[in-house]
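Structure at a glance
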Amino acid sequence: MAAKPDHYDGSDIQVLEGLEPVRKRPGMYIGSTGPRGLHHLVYEVVDNAVDEALAGYCSHIEVTIPPDNSITVSDDGRGIPVDEHPKEKIPTVEVVLTVLHAGGKFGGEGYKVSGGLHGVGVSVVNALSTRVQVNVRRDGKEYQIAFEQGKTCEKLHEVGTSDHTGTTVTFWPDPEIFTETTIYDYSVLAARFREMAFLNRGIRIVFRDERPEEPKENVFHYEGGISEFVKFINKNKEVLFPEPIYISGLVGTTSVEVAMQYNDTYSENIFAFVNNIHTPDGGTHLAGFNMALTRVINDYGRKHNILKANDANLSGEDTREGLAAIVSVKLEDPQFESQTKSKLGSGQVRGVVNDLVKEELSTYLEENPSVGRTILDRCVSAQRAREAARKAREAPRRK
């Protein structure tokens, strides 16, 4: 048995400065140091560009994997501020890259809606990279600053003039941190960028792989937004009506978008997002949608005498069978039930989504009776099949 230490005082308490905590415990910030964490670095930088798009200042993002397997993300946003930060007394871009919880997402006028809520994104990327180089274009000039393992190695300086605005971030993931691999999987990144383009109508993400093994390029741009997302989910399936139902509205500062379309399968594919963050465990936004969907379809069936007086109400399972849907909300200061942001807890969102979907979906079905009847027939069929299966399971018990 190891001997116990004979003292315990202030000298035993370690204080990690700057970005040292990130390098010491990277899993706390990016989930893992395996492939998932490696790809998360890219998402953090691209999320910043998308936040500029959500604020209305960016429409074009380019992501490149150069031959050396670094990552370059360039956008046409406003450019990270380069003026002296009033508190830190260094260029603001240096603060953003070297100070945890520094960003335009904690109030003020930086971002009203954003995915990166904790302000740790790009500084974490900086901490976990051997080198990060940032070029900022704004005010007719281009500036550059560079870092090594989170520490400034090249102070901010002018490198030329520019007629454009925006930010370019290039980083090299640190093999001391990512010991399993530092090689990016194009298909994994492409899937995320496609999703982000679906969720942000009109944004263009150009993704290039310049590595010599298999150079390629994709452009993700969807003017149809989440309606095209639903069509993508239903690709190679038999849909029950040609165009997805699209619902949108702004209630206070909360924006809601829903797209939905039934197919002939038995499964449901409903994906919920908050500020572009996928919430696989759902939450209040999804609960609001499910409540409204079940209520509207039952009300429609009763009103049009498709569901008779003696018929049982359709259950939530009945109304969601064969449904492909996207539920996307964007709001200020969302509250998640865990650090992983897998479930939305903001209580007021349930009512916002429920009320909007009830009103808009009811109106749509009344104005499109053939679609309404198709949906009701589909749901009633699901109910009957479920009831028949239940009776078949119970039959042996009664013998």
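Conventions used here
- Residues numbered from 1 in each chain as written.
- Predicted model: local features only at pLDDT ≥ 70, side-chain atom pairs only at ≥ 80, totals over all residues.
- Heavy atoms only, no water.
- Pairing = 2+ DSSP bridges.
- Helix = DSSP H or I, 4+ residues; strand = E, 2+ residues; numbered from the N terminus.
- Axes fitted to C-alpha atoms, helices over the stretch in contact; angles between N-to-C directions.
- Contact = heavy atoms within 4.5 Å.
- pLDDT = per-residue confidence, 0-100.
- Expected span 1.5 Å × (residues − 1).
- Parallel < 35°, antiparallel > 145°, perpendicular 65-115°, else oblique.
- Left-handed = near helix turned anticlockwise from the far one by under 90°.
- Nonpolar A, V, L, I, M, F, W, Y, C, P; charged D, E, K, R; others polar.

This part is about the sheet that holds strand β3 (residues 129-138). Strand order in the open sheet formed by eight strands is β5-β4-β3-β6-β2-β1-β7-β8, and the pairing between neighbours is mixed. With partners counted over all chains shown, the strands left at the sheet margins are β5 (151-161) and β8 (216-221), one partner each. The average undirected angle you get between the axes of adjacent strands in this sheet is 10 degrees. Relative to β8, strand β7 (residues 204-209) runs antiparallel, the two being bridged by six bridges. Within β8, the position partnered with Val206 by the bridge is Val219. Against the sheet, helix α3 (residues 35-54) engages β1 (60-65), β2 (71-75) and β6 (166-173), with an angle of about 175 degrees to β6. Each of β1, β7 and β8 touches helix α6 (residues 186-199); the most contacted strand, β7, lies at about 170 degrees to it.

On to the confidence of the model for the protein chain. Scored by pLDDT, the protein chain comes out at a mean of 90, with 89% of its residues at no less than 70. Confidence over residues 8-16 falls short of pLDDT 50; this stretch has four contacts with residues more than four positions distant or in other chains.

Attention shifts here to the sheet that holds strand β11 (residues 269-274). Strand order across the open sheet formed by five strands is β9-β10-β13-β11-β12, with mixed pairing between neighbours. Two strands close off the open sheet at either side, each with one partner strand: β9 (245-251) and β12 (277-278). Bridge count between strand β10 (residues 254-262) and strand β13 (residues 323-330): eight bridges; the pairing is antiparallel. Each residue of the ladder has a partner; that of Tyr262, found in β13, is Leu323.

The subject of this paragraph is the pairing of β9. Sheet analysis places β9 next to β10, joined by seven bridges and oriented antiparallel. From the neighbouring strand, Ser248 faces β10, where its bridge partner is Glu257. Taken together, β9 and the strand that follows it, β10, pair antiparallel across an intervening segment of two residues, in which Gly252 is found at a positive phi of about 65 degrees.

We now examine α3. End to end, α3 covers 28 Å across 20 residues, agreeing with the expected 28 Å (1.5 Å per residue, within 8%). Two residues or fewer after α3 comes Gly56, characterised by a positive phi angle close to 90 degrees.

Further remarks concern the packing of α3 against α6. Relative orientation of the contacting elements α3 and α6 amounts to 25 degrees, with a least axis distance of 11 Å. On the basis of the axis angle, α3 is roughly parallel to α6. As α3 runs across α6, the sense of the crossing is right-handed. Packed against α3, whose contacting residues are His39, Val42, Tyr43, Val46, Asp47 and Val50, the element α6 presents Val188, Leu189, Arg192, Phe193 and Met196 at the interface. Of the residues that constitute the contact of α3 with α6, the class distribution is eight nonpolar, one polar and two charged.

Moving on to the environment of Lys343. Relative to the helices and strands, Lys343 is located in the loop between β13 and α10 (347-367). The spatial distance from the C-alpha of Lys343 to the C-alpha of Pro280 is 6.9 Å, given a sequence separation of 63 residues. Lys343 has contacts with Thr279, Asp281, Gly282, Gly283, Gln335, Phe336 and Glu337, leaving out every residue within four places of it along the chain.

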